[in-house]
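Below, each chain spelled out in residue letters.
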Amino acid sequence: MRIVIADPNLMSQRTTFEAALPDGATASWHDSWNEHSVLTDLKDADVYVGPRFTEAMGAEAPNVRLVHVAGAGYDGIEAGALPAGAVCANTFHHESSIAEHIASVLVALRRNLVGQDAALRTGVWSSSVYSAEIRQPETLRGAVVTFLGFGHIGSAAWNLLQAFGAEGIAITRSGTVDPLANSLRWTGSTDRLAEALSESDILVISIPLADETTGLVGATQLDDLGPDGLLVNVARGPIVDETALYEALKERRIAGAAIDTWYRYPGPDGRGEPSTMPFGRLDNIIMTPHSSGVTAETFRGRAREIAENITRLAKNEPLTNVVISR
């Protein structure tokens, strides 16, 4: 069995991945996704692991039986490009890392750690101890968090935030959540989002991007969250209206935000503005480069699961996490 891997995030887990492959399997590694170089390597491949699979790749890979992405998203896979009988599978393992990120940025925002750090570097002790104009910060104990989306990420974040003493509300497209999540205040569908935000201090967004969720959070919803409210987006940028978010932060109609998923992404050199709006000029936002789930823990788990799926393929056993079938 021949495997072609073109996902740079797996390079650091190469030893783990190859050790878990079935006997006789060989792996051909590419340190980045480049259609031309991958095309020349696919002719005799049985498995392809990478973020994109194009029509041209499918034409060069008639023997591919499994296309595996090294993450949850598979929007870079052209379903019609898969050879007849082939499947596409995905993998997760990022929920614990993202939950930790969510907790970290919320503590930083609630306690104004970034602002205090910046001030002290200039000699200003930005604390209520030294300035009557500064409020004593709130902890997460007693904070009400609305989770917009309650799948792998939302439930993992809730499990962690409970330890801080937070309370939770879950809003999903269907209005239903895992029955084990009975410690939540209440759950509902997206038509109850305004109600949830009116009693919340924090909005955590992890709902999938779809036609019905694009722009789901706009100026009205941000105003419902209120001037003391915080927003964390680890889903996809366009779920939150770009201009509305910028203006709400600039005008202090919400207290702050931590944004990990953006409106524009860089080229291969890793450089480029994440938005048409100048978020970088604001002092009440934590900006990260879609890195909340990018940890060694995440990719160790993904490497093992992909290798396990390849072993199942070799044994003609049912695969896990199949998202496209041809």
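Residues numbered from 1 in each chain as written. Predicted model: local features only at pLDDT ≥ 70, side-chain atom pairs only at ≥ 80, totals over all residues. Heavy atoms only, no water.

Enquirer: Before we move on, could you go through the overall build of the chain and cite the residues and values that matter?
Expert: On a plain count of helices and strands, the chain comes out with 10 helices and 13 strands. Considered along the principal axes of its C-alpha atoms, the chain spans approximately 70 × 45 × 35 Å. Per-residue burial for the chain yields a buried fraction of 47% across its 326 residues. The contacts of the chain with a sequence gap of at least 6 include a subset with a gap of at least 24, amounting to 63%. About 15,900 Å² of surface is accessible on the chain, with carbon and sulfur atoms providing 47% of the total. Of the charged side chains in the chain, 26 are positive and 40 negative, and the gap between their average positions amounts to 3 Å. (Helix = DSSP H or I, 4+ residues; strand = E, 2+ residues; numbered from the N terminus. Buried < 20%, exposed > 50% of the residue type's maximum accessible area, 1.4 Å probe, protein only. Contact = heavy atoms within 4.5 Å. Areas by Shrake-Rupley, 256 points an atom, 1.4 Å probe, with all protein chains shown as cover. Lys, Arg positive; Asp, Glu negative; His and termini not counted. Charge placed at Lys NZ, Arg CZ, Asp CG, Glu CD.)

Enquirer: Give a detailed account of the pairing of strand β11 (residues 256-259), specifying residues and quantitative values.
Expert: Residues G256 and A258 of β11 are buried on one face, and the alternating residues A257 and I259, pointing to the opposite face, are buried as well. Pairing of strand β10 (residues 230-233) with β11, which is carried by 4 bridges, proceeds in the parallel orientation. Bridging across to β11, N233 finds its partner in I259. Chirality of the crossover, the property in question, places the unit of β10, helix α9 (residues 242-250) and β11 among those that are right-handed. (Pairing = 2+ DSSP bridges. Right-handed = clockwise from strand over helix to strand, strands pointing away.)

Enquirer: Describe the sheet that holds strand β8 (residues 186-189), with residues and values.
Expert: Adjacent strands of a sheet form backbone hydrogen bonds with each other and so pair up, either parallel or antiparallel. Judged by pairing direction, the sheet is parallel, and its 7 strands sit side by side in the order β8-β7-β6-β9-β10-β11-β12 without closing on themselves. Of all the strands in the sheet, just β8 and β12 (285-287) have a single pairing partner and so form its edges. The mean inter-strand angle of the sheet, taken between neighbouring strand axes irrespective of direction, is 15 degrees. As defined by bridge partners, strand β6 (residues 144-148) adjoins strand β7 (residues 167-172) across 5 bridges and the pair is classed as parallel. In the sheet register, V145 faces β7, and the bridge partner there is G168. Docked against the sheet, helix α6 (residues 152-162) engages β6 and β7, running at close to 165 degrees with respect to β6. (Axes fitted to C-alpha atoms, helices over the stretch in contact; angles between N-to-C directions.)

Enquirer: Residues and numbers for the pattern of salt bridges, please.
Expert: Counted according to the given criterion, the structure contains 11 salt bridges. The partner of R252 in a salt bridge is D283, and the shortest N-O contact between them spans 2.4 Å. Of this pair, R252 sits in the loop between α9 and β11 while D283 is found in the loop between β11 and β12, placing the two residues 31 residues apart along the sequence. Linked through salt bridges whose partners overlap, the residues forming this network are E167, R185 and E199. (Salt bridge = Lys/Arg side-chain N within 4 Å of Asp/Glu carboxyl O.)

Enquirer: Explain the nonpolar core to me, using residue names and the numbers behind them.
Expert: Counting residues in each nonpolar core, the largest one holds 32 residues, and the members touching the most others are L148, I205, L231, L245 and F279. Those elements giving two or more residues to this core turn out to be β6, β7, α7 (193-198), β9 (202-205), α8 (219-225), α9 and β11. When residues of this core are assigned to their parent elements, the largest contribution, 5 residues, is made by α9. Apart from the residues lying within four places of it in its own chain, the contact partners of L148 are I171, T190, L193, L203, V204, I205, S206, I207, L216 and V217. (Core = buried A, V, L, I, M, F, W, Y, C linked by side-chain atoms within 4.5 Å.)

Enquirer: How would you sum up the sheet that holds strand β5 (residues 87-89)? Please name residues and give values.
Expert: A sheet is described by the order of its strands in space; here 6 strands give the open sequence β2-β1-β3-β4-β5-β13, paired in mixed fashion. Looking at strand neighbours, the two that pair on one side only are β2 (26-29) and β13 (322-325), the edges of this open sheet. The sheet shows a mean angle of 20 degrees between the axes of neighbouring strands, direction not considered. Summarising the sheet, strand β4 (residues 66-68) and β5 pair through 3 bridges and their orientation is parallel. Bridge pairing in β5 places H68 opposite A89. Together, β1 (2-5), β3 (47-49), β4 and β5 form the strand contacts of helix α10 (residues 296-314), whose direction differs from that of β4 by roughly 175 degrees.

Enquirer: Tell me about a nonpolar patch on the surface, and please be specific about residues and values.
Expert: A cluster of nonpolar side chains, namely L120, W125, V129 and Y130, defines an oily patch on the protein surface of about 510 Å² accessible area. Among the structural elements, Y130 can be located in the loop between α5 (113-120) and β6. In this structure Y130 comes out as exposed when scored by relative accessible area, which is 56%. (Patch = residues over 30% accessible without salt bridge, like charges linked within 9 Å, V, L, I, M, F, W, Y side chains within 5 Å.)

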